[in-house]
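# Breakdown of the fold
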Amino acid sequence: MTRTDLKPVEFPTERTCPFSPPPKLTELRDEHPVSRLAYPDGTTGWLVTGHAAARAVLNDPRFSSRGEHRRMAVGEGAPQPTRPGVFIFMDPPDHTRFRKLFTGEFTVRRTKNLEPKVERITADRIAAMREMGPPADLVQEFALPVPSLVICALLGVPYEDHEFFQRHSETMLDYERPMHEAVEAFTLMAEFLTELIRRKRAKPEDDLLSRVAASDLTDAEAAGSAMLLLTAGHETTAKMLGLGTYLLLSHPEQLALLREKPELINGAVEEMMRYLSIVQFGIIRGATEDIELDGRLIREGEVVTVALSTANRDPAFFGDPDVLDLSRNAGRHLAFGYGAHQCVGQQLARIEMRVAFSQLIREFPGLHLAVAPDEIQTAHLASMYGVRRLPVGW
C-alpha cells in the first residue's frame, strides 16, 4: 500500500460542455482514479473518479456514511445540520432500521401501481403548457411540478403545499445561495413536516407519511425521513427532466431515434442518467480503518468523495462513454449510487422519467429551444446539476 506525493487538488467545477463533467475531473480519472482532494474547510481527503474504485467505496461497509464525515466539496461554510431520521447519513444498524420502513413502499410492484397517477399528473402539466401557449419555461411549468406533485401525492402532503417544497428544496441544495438562506429553508421545511407528522398521527390517511407516523419513530425522526424523501424524490428527478430535455433537443438524431422507436424509452432513461450524472459534487464517505484503494492507502478517519459523473464516463466500463447512445445498455451506471445506500426511490424516479419524456416528445412533436443555447444557464454550483430555465416552443 502506498500514499501519494501528489499535491491535493480542489474539486473542479468549470465545464466546457453543459452535459459533460469538468475536463479537469476527467483528466484526474484518466491519470489518477484515486487522488488527493483539498476541501474548502482546510482538510485534505481523497477524490475517487474511476468506476471500479467508486463502486468499491460505495459497496464497502468500512467506508462510513455517518454525518460527521460530511464535507462540502465546493463553496464556503459548513453543511446543513443532520436531522434525526435522515438515514443517508447513518450506518447499520440505524440505517437498516430506517430503510426497512421505506423499502416496501418503493418496490417495483408498488411503484408500478403509481404509474397511472404519474401519467395523469404529467398529462395535466402538458395540458397547462398547451393552454398557456409557447414559449414556456419547461423547468417551471413541467420539470419542477411533475415530480413535486408526484412525491407530495405519495407522501400525503397537501397539494397546495407542493410549491413550498419546490422552492425550499432547491434553496437547500444550491451552493450559490448564502448559507443563511439554506439554513432558513431547512428550518421551515423541518417545522412544517414535524407539524404534518403530528396531524397524521392524530388523523391517519392512506399515504406514506401516515404509515411512517404509525411506526415507532419519534416526530423528529419521522419528519427527517420525510424531508429526505421529499428533497431527494423531487429535486433529482426535476433536474433530470429539465437537463434531459435540453440534452435531447441538443442531440436531434437521438431524439429522432426515440420518436421512431418509443419502445427504447426504458434504456434511454438509463443512458441519460449515466450520461448526465446530476449528483454534481459526489458522494461522501469516511474510512473507519486503514483501507487500500487502487494502490492508495486511505487512513482511518480520512474522507473520500466519489465523483459519479466521471465514474459513469469511465471507458473501462462503457464503450465510447462520451457519446450519447439511447440504444446503449447502460445498466452498470452509478447514478442511483451503489451498495447499501443505493437510492430507495429509484423505481419511482424511473417511472416518472419514462412517463414524462414519453408524453413530452409525443405531445409536442415540434418541441424546440426558444432561445439560443448560450442563453441557457446551468446550476453549476448546485448540489444537483441542471438548467435553471429552459424556454421552449412547439
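Here's a quick rundown of the structure. What you see is a predicted model, and the numbers here were worked out from it, not measured in a lab. (Residues numbered from 1 in each chain as written. Predicted model: local features only at pLDDT ≥ 70, side-chain atom pairs only at ≥ 80, totals over all residues. Heavy atoms only, no water.)

### Here we look at the sheet that holds strand β2 (residues 44-48)
The strand order across the open sheet built from five strands is β1-β2-β8-β5-β3, with neighbouring strands paired in mixed fashion. Both edges of this open sheet fall to β1 (34-38) and β3 (63-64), since each of them pairs with a single strand only. In this sheet, strand β5 (residues 283-287) lies alongside β3 in antiparallel orientation, the contact comprising two bridges. Across the sheet, the residue bridging to S64 is G286, located in β5. (Pairing = 2+ DSSP bridges. Helix = DSSP H or I, 4+ residues; strand = E, 2+ residues; numbered from the N terminus.)

### Comments concerning unusual backbone geometry
Cis geometry marks the peptide bond from P92 to P93, where omega comes out at 5°. Structurally, P93 is set in the loop between β3 and α3 (94-103). In this chain, P134 is followed by P135 through a cis amide linkage whose omega measures -5°. Assignment of secondary structure puts P135 in the loop between α5 (115-132) and β4 (136-137). Here D294, not a glycine, exhibits a phi torsion of approximately 50°, which is positive. Mapped onto the fold, D294 is located in the loop between β6 (291-293) and β7 (296-298).

### Topic: the environment of V304
Its location among the elements puts V304 in strand β8 (residues 303-306). Owing to a relative accessible area of 0%, V304 belongs among the buried residues under this scheme. With 241 residues separating them along the chain, V304 and F63 place their C-alpha atoms 8.4 Å apart. Excluding residues within four positions of it along the chain, V304 makes contact with Y39, W46, V48, V57, F63, I283, I284, R285 and I298. (Buried < 20%, exposed > 50% of the residue type's maximum accessible area, 1.4 Å probe, protein only. Contact = heavy atoms within 4.5 Å.)

### A closer look at the pattern of salt bridges
Applying the stated rule across the entire model yields 26 salt bridges. A salt bridge links R71 to D41, with the shortest nitrogen-to-oxygen separation between them at 3.4 Å. Placement of the pair is R71 in the loop between β3 and α3 and D41 in the loop between β1 and β2, with a sequence separation of 30 residues. Given the relative accessible area of 22%, R71 is considered partly exposed. Across the pair D219 and R201 runs a salt bridge, and its minimum N-O distance is 2.7 Å. With D219 in helix α11 (residues 219-250) and R201 in helix α9 (residues 179-202), this residue pair connects regions lying 18 residues apart in the sequence. On the basis of relative accessibility, which here comes to 22%, the residue D219 falls in the partly exposed class. Under the relative-accessibility criterion, R201 is labelled partly exposed at 31%. (Salt bridge = Lys/Arg side-chain N within 4 Å of Asp/Glu carboxyl O.)

### Observations concerning the sheet that holds β4
Sheet architecture is open: three strands sit in the order β4-β10-β9, paired in antiparallel fashion. Edge positions in the sheet fall to β4 and β9 (368-369), since each has one partner strand and no second.

### Examining the environment of M272
In this structure, M272 sits in helix α13 (residues 265-276). By relative accessible area, M272 is classed as buried at 0%. Between the alpha carbons of M272 and A136 there is a distance of 23 Å; along the sequence they are 136 residues apart. Leave out the neighbours within four places in its chain, and M272 touches M240, G244, L247, L248, S277, L326 and F357.

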